[in-house]
Amino acid sequence: MIKAAGVAEVTDADFEAEVIGAELPVLVEFTADWCPPCRQIAPVLSAVAAEHAGRLKVVQLDVDTNPETTNAYRVLSMPTLMVFRGGRPVKSMVGARPRRRLLEELADVL
């Protein structure tokens with residue numbers, strides 16, 4: 001998996017605790033090693049995680065090694081960015097995007 005600096009990795013095993021049970025809104029990137037746009041968005045996610053630490057939690061989930069969560073949320077395209085608040089998905093975006101556009105799309109969550 002393309003690791004974004006400052007972004008935690010979650011798995012099927014800890015998704016419930018790390019995402020569903022989180023107090024902050026959580027931005028989950030469903031990602032895969034074979035996905036070029038996932039590589040593009042990694043530095044964007046790192047920047048957003050750093051800028052909004054304490055207001056937004058940013059995590060990554062590898063779809064190839066975590067099929068349970070991937071299937072539960074019907075994720076078909078990589079990267080899929082999903083925002084969870086209060087344990088529920090409240091927003092879903094597909095594809096890489098520049099930092100400014102991502103922040104605009106997250107404005108109502110932050």
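In this report, the structure presented in the accompanying data block is examined.

## Let's talk about the overall build of the protein
- Looking only at helices and strands, one finds four helices and five strands in the protein.
- Reading the protein from its N terminus to its C terminus gives the helix and strand order β-α-β-α-β-α-β-β-α.
- Relative to the globule expectation of 13 Å for 110 residues, the C-alpha radius of gyration of the protein, 12 Å, shows essentially globular dimensions.
- Counting only C-alpha atoms, the protein reaches 30 × 30 × 20 Å along its principal axes.
- A buried classification covers 47% of the 110 residues belonging to the protein.
- Accessible surface, the protein: about 5,600 Å² in total, of which carbon and sulfur atoms supply 52%.

## A short note on the nonpolar core
- Leu 27, Val 28, Leu 45 and Leu 102 are the most contacted members of the largest nonpolar core, which totals 36 residues.
- Every element with two or more residues in this core is listed here: α1 (15-20), β2 (26-31), α2 (36-51), β3 (57-62), β4 (80-85) and α4 (99-106).
- Examining the composition of this core, we find that seven residues originate from one element, α2, more than from any other.
- Discounting chain neighbours no more than four positions away, the residues touching Leu 27 are Leu 45, Leu 56, Lys 57, Val 58, Val 59, Leu 81, Met 82, Val 83, Met 93, Leu 102 and Leu 106.

## Focus: the environment of Leu 24
- Within the secondary structure layout, Leu 24 lies in the loop between α1 and β2.
- Given a relative accessible area of 32%, Leu 24 falls into the partly exposed group.
- It is 5.8 Å that separates the C-alpha atoms of Leu 24 and Leu 56, two residues lying 32 residues apart in sequence.
- Beyond its immediate chain neighbours, meaning those up to four positions away, Leu 24 contacts Gly 54, Arg 55, Leu 56, Lys 57 and Phe 84.

About the criteria used
- Residues numbered from 1 in each chain as written.
- Predicted model: local features only at pLDDT ≥ 70, side-chain atom pairs only at ≥ 80, totals over all residues.
- Heavy atoms only, no water.
- Helix = DSSP H or I, 4+ residues; strand = E, 2+ residues; numbered from the N terminus.
- Rg over C-alpha atoms; globule rule 2.2 N^0.38 Å.
- Buried < 20%, exposed > 50% of the residue type's maximum accessible area, 1.4 Å probe, protein only.
- Areas by Shrake-Rupley, 256 points an atom, 1.4 Å probe, with all protein chains shown as cover.
- Core = buried A, V, L, I, M, F, W, Y, C linked by side-chain atoms within 4.5 Å.
- Contact = heavy atoms within 4.5 Å.

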